[in-house]
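Report on the structure
Each chain, written out:
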Amino acid sequence: MLVLLAVHAAAALLAPVLVRSLGRSAFLGLALVPAAGFAYVLTRLPVVLDGGEVTDGFTWIPALGVDVAVRLDALSAVLSLLVTGVGALVVLYCARYFTPSSGGLPRFAGVLLAFAGAMLALVWADDVVVLYVSWELTTIFSFLLVGQDAHKRASRAAAMQALTITAAGGLTMLVGLVVLAEAAGTYRLSGIVAVGPSLGGAAVTAGVICVLVGALSKSALIPFHFWLPSAMAAPTPVSAFLHAAAMVKAGVYLVLRLAPGFADDPGWRPVVAIAAGATMLLGGIVAARQTDLKLLLAHGTVSQLGFMILLAGAGTRDAALAAIGLVVAHALFKSALFLSVGVIDRCAGTRDLRELSGLGRRAPALAIAATLAAASMAGIPPLLGFVTKEGAFEAFLHRAYGPFAEVLLAVVVLGSVLTVAYSARFVLGAFTDVFTTDARTEWIRPGALFLGAPVLLGLASLVAGPAIPGIAPLLTRYADTLAASYPTPLELKLWPGLTVAFGLSVLAIVLGLVLAWPRVAARAAAVRPLHAVRSEVTWRALVHAVENGALRVTAQTQRGSLAVVLCTILGVLVAGPGVVLIASGALGEVRVDRVADSPAQVVAAVLAVASTVAAARAKRRLAAVLLVGGLGYAVAVIFALAGAPDVALTQALVETMTLVVVVLVLRRLPADITEHHSPRRRLARLLIAAPIGVLVALLGATALGARTAEPVSQAFPSQAYGFGAGQNVVNVTLVDIRAWDTIGELSVLLAAATGVASLVFLDRRTGTPPGGTRRRRRAPVGPGPVAGSGWLRGPTLERLARQLRPGPRVTERTLLLEVVTRLVFPTIMVLSIYFLFAGHNAPGGGFAGGLLAGLALVVRYVAGGRYELGEAAPVEAGTLLGTGLLLAGLSGAAGLLFGGEVLQTWVLEGEVPVLGHVKFVSSLIFDVGVYLIVVGLVLDVLRSLGAELDRLGDTPGPSNAPTRQPVGAEKEARA
Amino acid sequence: MSSSFLLLALIAILYTCGVYLLLDRSLTRVLLGVLVLGNATNLLVISAGGPFGAAALVGRAPESAMSDALVQALVLTAIVITLGVAAFLLSIIHRTWSLDREDDLTVDTEDRSVRRRLARDEQIDEDEFDTTGCEQTSDTDDEHTDRASRADAAGAQA
């Protein structure tokens, strides 16, 4: 059984490919998949008929007692035969329903097959979690299928509505299922039902009601009924399959499945009877008024679903027998009718019964098939619908629902009158001239394959009636699991004899035909008793209220000022942890046993404080930036004194880099920072800030004092050498012990670099190397720069460019800087590579190495300008970033290849000629990834905030607003 | 475990100055505030690692005398990320400057528009939830309607 489900899944994945290469005819082959399911269930029928069951499955989540378990008993067999049989025919039908030019067909095919598989899993599931998962899968696939015409607003809205309602119902059902499963002590559906009658109490009743809510929402019963007619925006095969044969039956199935266990629960029968009875009547009334054939069928389906659940929920043997019979009959006739409407829609171009005329003569086969199906729906002998409706009347005469049997019988008879009425309206409207004034509808003859499915299903309704003795044993097998409510058990028979039930049937048919007569129908349509009660209005009001509430909350909390938001956050910090800190008396634990660790630390700290306070007061932009840089260097000294050489090295490098980058941008801004705040406001800010500072320091000290456990890093040194094969514990921590963290942090860097580039380069992802090879080739004159040494020729080019196109800004360059650059650039690069390789055993590593290489680029850029940067690093920053992350990821995955875990380090060691003993540690590759990403980040920042800003500044034109015309400016620059 | 007074005082002062700068309206000062807060936090994390010792290099010092390597690794990446964040803030400053000729934090227009919409009782895309209209939607009222394609369909079946 699981194999079949897997086949469905595989077919769903394969379907798009097939449809793309073979066109719509691929559906012919795809139909084999549900057909195989049909055949499989047929072969297992003998077992099921003997009262046995077929099971399959494996353990899924042992800790929760959740297994992937499927089970085929009589009820599942009936439902799965319907799902696979109708499914196969619908897939066949799709091969002709869609025009070859229909859009989105590959995706549609895949989703349809996936839906068929999910539906099969739903009716087979024997584990409530599997049941829920497949339940929601059908919801999601239904969403995709209903929204097939995504360009139509109605489609999108209908799909959204169906998804919201059925998914909400599904979640409610999950709660109920878990409650029931916990009460029963098992997650097996069969087990829960088996112990169901012995369970009781408020929790079980609540669980039952929650499950019923799920079933009712899926089967479109009041108050959830409105999603089904809306979902008619779906293509017709979808309506035939999902909204007639399969998905909406899931609710009926669940009620049938649980009825043996829980029908006697006090919450069960009232909910079922009221919702289902009301739905049957309302659906019938609305259906009998429709002029759109498809909507007529949709409302009719709502009515019939009410009928089915009313019977299914009775919890008596006879009602259950009638219910499951009706499920079969309904699946046959309703899918036949939907498919017929699809043919009419395609071939006549309309499905409005006021525009259709004469189809009975021109499409006799279709007319006969559809009329048979409609007659079955109306319950006319000798069709299957008649047999099951007789059974339903009998079931109520057999006191289903005990004292309420008479009332509900009246409801059912009235519902049947309406059913006859809309069935007749369907036939008259579609195939005769009764409702129309048009002389002749245009008609394109449908092909045999197109007609095949509806005709086959229509004939099935005819054949199944007389064949009821053959079908009945399977149905009875399920019904016998329920207690009988009447001495003589009900039998489904073609000719029941002149009983009360037969009299009611005749009455319903006669009254229904009268009601269907156009003049009566027209008068009845004028009366709209339920016009005011429209659930979709409530639905929209609900959606509106949620939206409005969200707006209100947003408007209240998001005031649009960053300072307000920050003050709120900081206020919470003080009011929450701060108050707790003082109240808990934890401050008493803080022990400060020394003033400082070393005299040098005092010096560094004083420098740090001095530069920070000065920076906070500085008016000049550049001064403030330099002062904060001073703080950074002071902190680097503190790190170095604290036994953290790697951190100190990185801090110093980053501080240098930050200084350069900040200056790159701020040189475009005015020299002074605009002062917006009055002295009083500044004092207020200080009063907010000071408690935060004190609080954070106290929190840190308390945390340190409260430490009781051994630090996790205690074992890092031995692990670093043992597993990571490195002596530098910090580096091994980065590339091995906590490499997952590093991967996350690398991703942050990548995102930041991308963000920078996209804020500066408005029309591209990133800057191509400025003044690359292309530009060099184009250089019109001057053999000097092109044939030069390859070192620092950028400047010459730039000078050349300035001669050709004088810009407003002239970059002054110093000879000294150029000479120094020539000297230090190779040195820095070598040192950065050394850091990279030595980092595993000595201070350094990918971060420090990458930053150093980045600084080398900064030097080239500062000395030679943007063209020089292009010469120094003729690659895209994005390439570096991507390669880096790829390397880091691959080296992580390589751990798996060598039989270890992800990111596990492996060591290659051996004697190499010339080099001697060589030890290669795989985490070096990871570190190279880190290196590349850091270089990529620096390059991206330099390209964006350095070179691109230069270019914008150099570009002739209105220099006061350069980025307003970035595209035009760039074209000019290229010209 | 205990901590040194000097570091605690330094962290307190840095946090105070950082928050003070962060609350300014000038984006440059906000950036400086972020940088100061970044340094302060790194100090806090390093000092949370316990007493300082020798560099965490195996073989050069006894393991018990080493500083905590974990906090160092955390701070090391945090430093580099601060660089990325600073660059990102700088590009925001650049954008703000080139669009408005100022480097100020202005009131968030998006938040303002939410309040405006509320005042006018508007909804976000209300029509998306209107399914009443789709009852009139036929399968054939889209691009497949035209007779040509239907003829095409019927012809293909024949």
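Chain B appears in an unreviewed UniProt entry as Na(+)/H(+) antiporter subunit C from Actinomycetospora termitidis. Under the UniProt heading Subcellular location (unreviewed entry), the entry covering chain B gives this text: "Cell membrane". Recorded under Sequence similarities (unreviewed entry), the UniProt text for chain B is reproduced unchanged: "Belongs to the CPA3 antiporters (TC 2.A.63) subunit C family."

Identification of chain A as Na+/H+ antiporter subunit A from Actinomycetospora termitidis is taken from an unreviewed UniProt entry.

Notes on the overall build of chain A
A count of helical and extended segments in chain A gives 40 helices and 5 strands. Among the 975 residues that make up chain A, the fraction classed as buried is 56%. Sequence-distant contacts in chain A: of pairs separated by 6 or more residues, those separated by 24 or more amount to 79%. Of the roughly 38,000 Å² of accessible surface on chain A, a fraction of 69% belongs to carbon and sulfur atoms.

Looking at the overall build of chain B
Counting its secondary structure elements, chain B contains 5 helices and 1 strand. When the helices and strands of chain B are read in sequence order from the N terminus, they spell out β-α-α-α-α-α. Within chain B, buried positions represent 59% of all 158 residues. Counted over contacts in chain B with a minimum sequence separation of 6, partners at least 24 positions apart contribute 53%. Total accessible area on chain B stands at roughly 6,000 Å², and carbon and sulfur atoms take up 59% of it.

Description of the packing of helix 17 (residues 364-378) of chain A against helix 20 (residues 448-464) of chain A
Axis angle and axis distance: for two packed helices, these are the angle between their axes and the distance between the axes, and together they describe the pair. Residues and elements named next belong to chain A. It is the contact of helix 17 with helix 20, at a shortest axis distance of 8 Å, that shows an interaxial angle of 40°. If you check the angle between helix 17 and helix 20, you find them oblique. Judged by the sense of rotation from one axis to the other, the crossing of helix 17 with helix 20 is left-handed. In contact with Ala 365, Leu 366, Ala 369, Leu 372 and Ser 376 of helix 17, helix 20 contributes Leu 451, Pro 454, Val 455, Gly 458, Leu 459, Ser 461 and Leu 462. Across the contact of helix 17 with helix 20, the residue classes tally to 9 nonpolar, 3 polar and no charged.

Notes on the confidence of the model for chain B
Predicted confidence across chain B gives a mean pLDDT of 76, with 75% of residues reaching 70 or more. Throughout residues 125-158 of chain B the model reports pLDDT below 50, and contacts reaching past four residues in sequence, or to other chains, amount to 84 contacts.

Observations concerning the interface of chain A and chain B
Across the boundary between the two partners, chain A contributes 164 residues, which contact 119 residues of chain B. Applying the counting rule to chain A against chain B returns 1 salt bridge. A salt bridge links A:Arg685 to B:Asp24; the nearest nitrogen and oxygen atoms lie 3.1 Å apart. By residue number, the principal contributor to the side of chain A that touches chain B is helix 29 (residues 679-705) of chain A, which donates 15 residues. The residue inventory of the side of chain A that touches chain B, partitioned by class, reads 92 nonpolar, 36 polar and 36 charged.

Concerning helix 31 (residues 729-737) of chain A
Residue and element names in this part refer to chain A. Most of helix 31 sits inside the fold, with 8 of its 9 residues counted as buried. Along helix 31, the residues classified as buried are Val 729, Val 730, Asn 731, Val 732, Thr 733, Leu 734, Val 735 and Asp 736. The backbone nitrogen of Val 730 lies 3.2 Å from a side-chain oxygen of the residue at the head of helix 31, namely Asn 728.

Let's talk about the nonpolar core
By size, the foremost hydrophobic cluster in this structure holds 203 residues, and its most contacted members are A:Trp124, A:Phe241, A:Trp268, A:Leu311 and A:Phe426. The biggest single contributor to this core is helix 15 (residues 317-348) of chain A, with 22 residues. The contact partners of A:Phe426, leaving out residues within four places of it in the chain, are A:Leu293, A:Leu296, A:Leu297, A:Leu337, A:Val341, A:Ala370 and A:Phe431. Listed in part, the 128 residues of the second largest apolar core include A:Leu749, A:Ile933, B:Met66 and B:Val80.

Some remarks on the side chain of A:Asp927
Tracing the chain through its elements places A:Asp927 in helix 39 (residues 923-954). The buried charged residue A:Asp927 lacks any salt bridge, with B:Arg60 as its nearest oppositely charged partner at 14 Å. What A:Asp927 contacts, discounting residues up to four positions off in sequence, is A:Asn731, A:Val735, A:Leu836, A:Gly845 and A:Gly846.

So, the packing of aromatic side chains
What describes a pair of aromatic rings is the distance from one ring centre to the other and the angle between the planes of the rings. Residue and element names in this part refer to chain A. Applying the stated criterion across every chain, the model contains 11 aromatic pairs over all chains. A ring pair is formed by Phe 27 and Phe 98, whose centres lie 6.4 Å apart and whose planes are at 20°; its orientation type is stacked. Taken together, the residues Phe 27 in helix 2 (residues 26-30) and Phe 98 in the loop between helix 4 (74-97) and helix 5 (105-124) connect sequence positions 71 residues apart. Across the pair, Phe 98 and Phe 27 agree in class, each one buried.

The rules behind these values
Residues numbered from 1 in each chain as written. Chains lettered and ligands numbered in written order. Predicted model: local features only at pLDDT ≥ 70, side-chain atom pairs only at ≥ 80, totals over all residues. Heavy atoms only, no water. UniProt positions renumbered as here; feature names shortened; annotations may be inferred. Helix = DSSP H or I, 4+ residues; strand = E, 2+ residues; numbered from the N terminus. Buried < 20%, exposed > 50% of the residue type's maximum accessible area, 1.4 Å probe, protein only. Contact = heavy atoms within 4.5 Å. Areas by Shrake-Rupley, 256 points an atom, 1.4 Å probe, with all protein chains shown as cover. Axes fitted to C-alpha atoms, helices over the stretch in contact; angles between N-to-C directions. Parallel < 35°, antiparallel > 145°, perpendicular 65-115°, else oblique. Left-handed = near helix turned anticlockwise from the far one by under 90°. Nonpolar A, V, L, I, M, F, W, Y, C, P; charged D, E, K, R; others polar. pLDDT = per-residue confidence, 0-100. Salt bridge = Lys/Arg side-chain N within 4 Å of Asp/Glu carboxyl O. Polar contact = N/O pair within 3.5 Å; in protein donor to acceptor, adjacent residues only side chain to side chain. Core = buried A, V, L, I, M, F, W, Y, C linked by side-chain atoms within 4.5 Å. Lys, Arg positive; Asp, Glu negative; His and termini not counted. Phe/Tyr/Trp six-rings, centres within 6.5 Å; stacked < 30°, edge-to-face > 60°.

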